[in-house]
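Single-letter residue listing:
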Amino acid sequence: MAPWSGLWGGKAGGDAYRGTPVVVKMENPNWSISEISSPEDDDEDILAAAGRRKGGRSKNAKQIRWVLLLKAHRAAGCLASLASAAVALGGAARRRVAAGRTDAEAGVVAATGESPVVRSRFYAFIKAVLVVSLLLLAVEVAAYLNGWDLADSALALPVIGLESLYASWLRFRAAYVAPGIQFLTDACVVLFLIQSADRFIQCLGCFYIHLKRIKPKPKSPALPDAENPDAGYYPMVLVQIPMCNEKEVYQQSIAAVCSLDWPKSNFLVQVLDDSDDPLTQTLIREEVAKWQQQGARIVYRHRVLRDGYKAGNLKSAMSCSYVKDYEFVAIFDADFQPNPDFLKRTVPHFKDNDELGLVQARWSFVNRDENLLTRLQYINLCFHFEVEQQVNGVFLNFFGFNGTAGVWRIKALEDSGGWMERTTVEDMDIAVRAHLHGWKFIFLNDVECQCELPESYEAYRKQQHRWHSGPMQLFRLCLPDIIKCKIAVWKKANLIFLFFLLRKLILPFYSFTLFCIILPMTMFVPEAELPDWVVCYIPALMSLLNILPSPKSFPFIIPYLLFENTMSVTKFNAMISGLFQLGSAYEWVVTKKSGRSSEGDLISLAPPKELKHQKTGSAPNLDTVAKEQLASKKDAKKKHNRIYKKELALSMLLLTAAARSLLSKQGIHFYFLLFQGISFLLVGLDLIGEQVE
């Protein structure tokens, strides 16, 4: 045998082979192997005959052996980690199933007034698709195990027994099932491409705004002297804080609003409390009294009849006789904390601009890094403000009012008909009506107002249901007014086709239908094809565009893509409810707050006098309140996690389709279905977001 040469060659001639010392360290710190070869090694005879590459480092067989052992150890560690993660997931799933409650409790149905039959119709459809997919998987596995050809030869099988039935099924599938699925697939792909083109154009508009440094500027900037109202533009501003059982955040919002840098004689704060909890009412009333004692112009209002939710609350506040003395109204939800210069950066845009009806600021988030759920929400909302709101504001002078962190001209509100309780999106309703009356909007991307994101999936799900059912209610109500109004045709087209149909109806429709129903079914009906670029490349590109406004979130691009598809079931259900006026379309659940502002933030916003005399007065002490809230969280009763049946059923459907794709070697489809199914499973078991024991 010829001597070894090249990379693994040894020394030729001379002294006995002397190997290179090697130290191999394993991942486990308890394992460390050090080996130095010597002439007495058992492999001396083999190594002595080995050649050596000139100028190279010597290698020996033991080095190869230890490298292979190291790789095997790492592979075993990886498998052990995967097994441990699988066991942990299985244990969490078992605990959820044992202690969780489903999302179809009688209390929820009673609260919405919706028939249980109507409420379960969507879930029944998903279960039916799941059952069909399981039956088809059983048929395909049987065909695979029996060696039946799944292609053309199956059509020529002899007409006997199960083979005959399978051949008949293939003929029926190709002739009658596949054309229908293919037609629906093509329709959804077209809608997908249209919506993707709209998003891409919006991103180009955002890029143009940044390239040209376009920024809304006041026509006549006000002088920065708040001590002398006559020296600048300081009109009368009414500040409203609508809230309902917001015990966690009422202090910080009231403190932030009362600390606004504006002449005290020129603005009034209305705390619009719709709380039905007597203790919360008392706490908020005492907080208002405390600020009144410090000289703040603030009033407390509580409605006896809580009709119309937030819209009814705002409508009631605008009926006060003193409102006629004010020219503008700023609105902040209970968890929003504007910076002291908020009014000085927004109100001046109204000066000498009589057509301007609304100035909207963007949101910033105190808890965007709290958990995976808040990180994914941050990506979505960052794109919404940075791209959608900014582009529409610059090029169209119109966008949907976000319901908070905005300043309205009171004349624009009155001219548009005021607040109406006809939908659950009163902010979008008033924005559309103001646009139809010719009012213009400005979005300030550089003015931020701090708030918090929902930290539990249940709270986020309820919020998204309201945000996607309300626009469909509004579309039904506003369509006749849009058609009849005397605005430009292109503005009507923008409202109908882009603002409502494309972004509020088509987006949730194709997201759910294409990725949760059609894609799994094409695994069982391979005659209906869904191209790889629809499954992988275009969604990846759209996710990349969505994540560009928040580049630090790039590591979450894949979880974001999977989670958005997972949320499509909630958004689709909400869209259908709003479009057909089902009972859940009128469901309004106040988003749960956690009060993420620190105790230091509260103290920094407190009046100086309160800090000096913390032990006096009837108002609650900030330190005491903070400690009581912390203690109440520790002593809180254990709650049950919810189990979301729709998400779990879709998880089983997608995993079943992934198993079917293995038989036909579908490539990228298998990985997408597998990870998307796992994503639905995690959400269905409420393993994302804030964990409730």
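Thresholds, definitions, all that
Here the residue numbering is sequential within each chain, running from 1 through the sequence in written order. Totals for whole chains, interfaces and linings use all residues, but because this is a predicted model, local features are given only for residues with pLDDT of at least 70 and pairs of side-chain atoms are given and counted only at 80 or more. In computing side-chain values, all of the structure's heavy atoms are included and hydrogens and water are not. Salt bridges are counted wherever a side-chain nitrogen of Lys or Arg sits within 4 Å of a carboxyl oxygen of Asp or Glu. Secondary structure elements follow DSSP: runs of H or I no shorter than four residues count as helices, runs of E no shorter than two count as strands, and numbering proceeds from the N terminus. Classification of residues uses two cut-offs on accessible area relative to the type maximum, computed with a 1.4 Å probe and protein chains only: under 20% is buried, over 50% is exposed, and between them is partly exposed. Any two strands are treated as partners once DSSP identifies two or more bridges connecting them. A 3.5 Å cut-off defines polar contacts: any pair of N or O atoms within that distance qualifies, except that in protein one atom must be a possible hydrogen donor and the other a possible acceptor, and neighbouring residues in sequence count only when both atoms are side-chain atoms. Residues are treated as being in contact if the distance between any of their heavy atoms lies within 4.5 Å. Values of pLDDT, ranging from 0 to 100, describe the predictor's confidence in every residue of the model. Note on ring pairs: Phe, Tyr and Trp rings are taken, using the six-membered ring of Trp, and paired if centres are within 6.5 Å. Classes follow the plane angle, with under 30 degrees stacked, over 60 edge-to-face and the rest tilted. Each ring is checked for a lysine NZ or an arginine CZ that lies within 6 Å of its centre and within 35 degrees of its normal; such an atom marks a charge sitting over the ring.

A. A look at the pattern of salt bridges. Within the structure shown, the criterion is met by 20 salt bridges. One salt bridge connects Lys290 with Glu287, and the closest N-O pair in it is separated by 2.9 Å. Of this pair, Lys290 and Glu287 are both found in helix α8 (residues 278-293), three residues apart, which corresponds to roughly one turn of the helix. Judged on exposure class, the residue Lys290 and its partner Glu287 are both buried.

B. Broad picture of the sheet that holds strand β6 (residues 298-302). A sheet is described by the order of its strands in space; here eight strands give the open sequence β6-β5-β4-β7-β10-β9-β11-β8, paired in mixed fashion. Looking along the sheet, the strands with just one partner apiece sit at the ends: β6 and β8 (337-338). The sheet contact formed by strand β4 (residues 237-243) and strand β5 (residues 267-273) spans seven bridges and is parallel. Within β5, the position partnered with Gln240 by the bridge is Gln270.

C. Molecular detail of the side chain of Arg303. Inspection of the secondary structure puts Arg303 in the loop between β6 and α9 (309-318). Among the polar contacts made by the side chain of Arg303, one reaches the main-chain carbonyl oxygen of Gly312 at a distance of 3.3 Å. Apart from residues no more than four positions distant in its own chain, Arg303 is found in contact with Asp273, Asp274, Tyr309, Gly312, Asn313 and Ser316.

D. Quick peek at the confidence of the model for the protein. Overall, the predicted model of the protein reaches an average pLDDT of 81, with 75% of residues at or above 70. Below a pLDDT of 50 lies the segment residues 26-57, which in the model reaches 55 contacts outside its immediate sequence neighbourhood of four places, other chains included. Across residues 152-159, confidence stays below pLDDT 50; counting only partners more than four residues off in sequence or on other chains, it has 10 contacts.

E. Region of the structure containing the packing of aromatic side chains. Under the criterion given, the structure shown has 28 aromatic pairs. A centroid spacing of 5.2 Å and a plane angle of 35 degrees characterise the contact between Phe172 and Tyr176, whose relative ring orientation is tilted. Of this pair, Phe172 and Tyr176 both sit in helix α6 (residues 161-212), four residues apart, which is roughly one turn of that helix. Take Tyr176: its relative accessible area is 61%, and that puts it in the exposed class. With centroids separated by 6.3 Å and ring planes inclined at 40 degrees, the aromatic side chains of Tyr208 and Phe395 adopt a geometry described as tilted. Taken together, the positions of Tyr208 in helix α6 and Phe395 in helix α11 (residues 372-396) put the pair 187 residues apart, joining distant regions of the chain. Cluster of aromatic residues (ring-pair linked, three or more members): Phe336, Trp363, Phe385, Phe398, Phe399, Phe401, Trp408, Phe441, Phe443, Phe475, Phe499 and Phe500. A cation over a ring is seen here: Arg368 above Tyr378, with NZ or CZ 4.6 Å from the ring centre.

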